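The chain contents come next:
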Amino acid sequence: MSELCTDTRQALAGSLTDEMTIAVGGFGLCGVPNDLIEAVRDSGVTGLTVVSNNMGIDGKGLGLLLEDRQVDRVIASYVGENKLFAQQYLDGTLAVEFAPQGTLAERLRAGGAGIAAFYTRAGVGTPVAEGKPSAEFDGRTYVQERGIVADLALVHAHTADPAGNLTYRASARNFNPVVATCGRVTVVEVENPGERYLDPELVVTPGIYVDRLVRAEPRVKDIEKRTVRTPMR
């Protein structure tokens, strides 16, 4: 049974240390565990390695940890719309390892599945492959990528049952399921913690991966780029 905590401080108690690796779900500003990120910021831990698709935007999501200089290294697929992320990278104050988006997802999944490494064609012949082992299979070159196991995984889910089984809502699912599997400790902020067990056919993340749950605080959903259709006349 996953523990349902009263607040984010209790949910993260004993799990935060300097120089740890944290994997974080979300894509842009969608499906981001904002409450847990704010709790990490408030804890004051530093020297963090953060694994996430991107680092949010200035003043939102993981951008909060960059503002407080709590992150030393990032593994991500792109810079996104975060100007501070780009500036710290260009200034050399933030180490960044870029990974193709699909490769990053698979590295997280592999870490959660106990797979130490795998081979992929993505990145062969580019800076992504520099310094990594390679091998030929069926006459084609593949680069080796390591699975990622994080000290702590932070996840946002839509619904959880008492066993910690999770479902996600629409595109807010994104990286959250693979992040949930790769943490030595996985903490989930959930919009709807329920008292009834989910239909097993609907479960996306089994509760065996989830250590602690906390109810997500209601907040306005951020939109990174708002676009609207031109009205027809």
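Residues numbered from 1 in each chain as written. Predicted model: local features only at pLDDT ≥ 70, side-chain atom pairs only at ≥ 80, totals over all residues. Heavy atoms only, no water.

Identification of the protein as 3-oxoacid CoA-transferase subunit A from Actinopolyspora mzabensis is taken from an unreviewed UniProt entry.

A few words now on empty space enclosed by the protein. Scanning the entire structure with this criterion turns up two cavities of 30 Å³ or more. Put simply, the largest cavity is a space of about 60 Å³. Gly28, Val32, Ser52, Asn54 and Leu62 are, among the 13 residues lining the largest cavity, the residues nearest its centre. Each residue belonging to the lining of the largest cavity can be placed in one class, and the counts come to six nonpolar, seven polar and no charged. Its volume calculated, the second largest cavity comes out at about 40 Å³. Contributing to the lining of the second largest cavity are Ile22, Val24, Ile37, Val40, Val50, Leu62, Leu65 and Leu154. Every element with two or more residues in the lining of the second largest cavity is listed here: strand E2 (21-24) and helix H2 (34-43). When grouped by side-chain class, the residues that make up the lining of the second largest cavity number eight nonpolar, no polar and no charged. (1 Å grid on protein atoms, 1.4 Å probe; cavity = no way out; pocket = protein on both sides within 12 Å on 5 of 7 lines; lining within 4 Å. Points joined across faces, edges and corners; volume = space filled by probe spheres on them. Nonpolar A, V, L, I, M, F, W, Y, C, P; charged D, E, K, R; others polar. Helix = DSSP H or I, 4+ residues; strand = E, 2+ residues; numbered from the N terminus.)

Turning our eyes to something else, we now look at the pattern of salt bridges. Evaluated as defined, the whole model comprises 11 salt bridges. In this structure, Arg219 and Glu38 form a salt bridge, with 3.3 Å as the shortest nitrogen-oxygen distance. In this pair, Arg219 sits in the segment after strand E12 (212-215) while Glu38 sits in helix H2, placing the two residues 181 residues apart along the sequence. Overall, the relative accessible area of 25% leaves Glu38 in the partly exposed class. (Salt bridge = Lys/Arg side-chain N within 4 Å of Asp/Glu carboxyl O. Buried < 20%, exposed > 50% of the residue type's maximum accessible area, 1.4 Å probe, protein only.)

Residue position: Val210 is located in the loop between strand E11 (183-193) and E12. Note on Val210: relative accessible area 5%, which makes it buried. Setting aside residues no more than four positions away along its own chain, Val210 makes contact with Ser2, Gly164, Leu166, Thr186, Val188 and Thr205. (Contact = heavy atoms within 4.5 Å.)

Next up on the list: the environment of Thr8. Structurally, Thr8 can be placed in helix H1 (residues 8-12). Taking C-alpha positions, Thr8 is 6.4 Å from Val214, a pair spaced 206 residues apart along the chain.

On to the sheet that holds strand E8 (residues 140-146). Spatial strand order, E6-E8-E7: three strands in an open sheet with antiparallel pairing. Both outer strands of the open sheet, strand E6 (117-120) and strand E7 (134-137), are each paired with one neighbouring strand and no more. Direction aside, neighbouring strands of the sheet carry axes that sit 40 degrees apart on average. Examined bridge by bridge, E7 and E8 share four bridges and lie antiparallel to one another. Bridging from a neighbouring strand, Ser134 pairs with Val143 of E8. On top of the sheet, helix H5 (residues 101-113) reaches E6 and E8; it is set at about 155 degrees to E6, its chief contact. (Pairing = 2+ DSSP bridges. Axes fitted to C-alpha atoms, helices over the stretch in contact; angles between N-to-C directions.)

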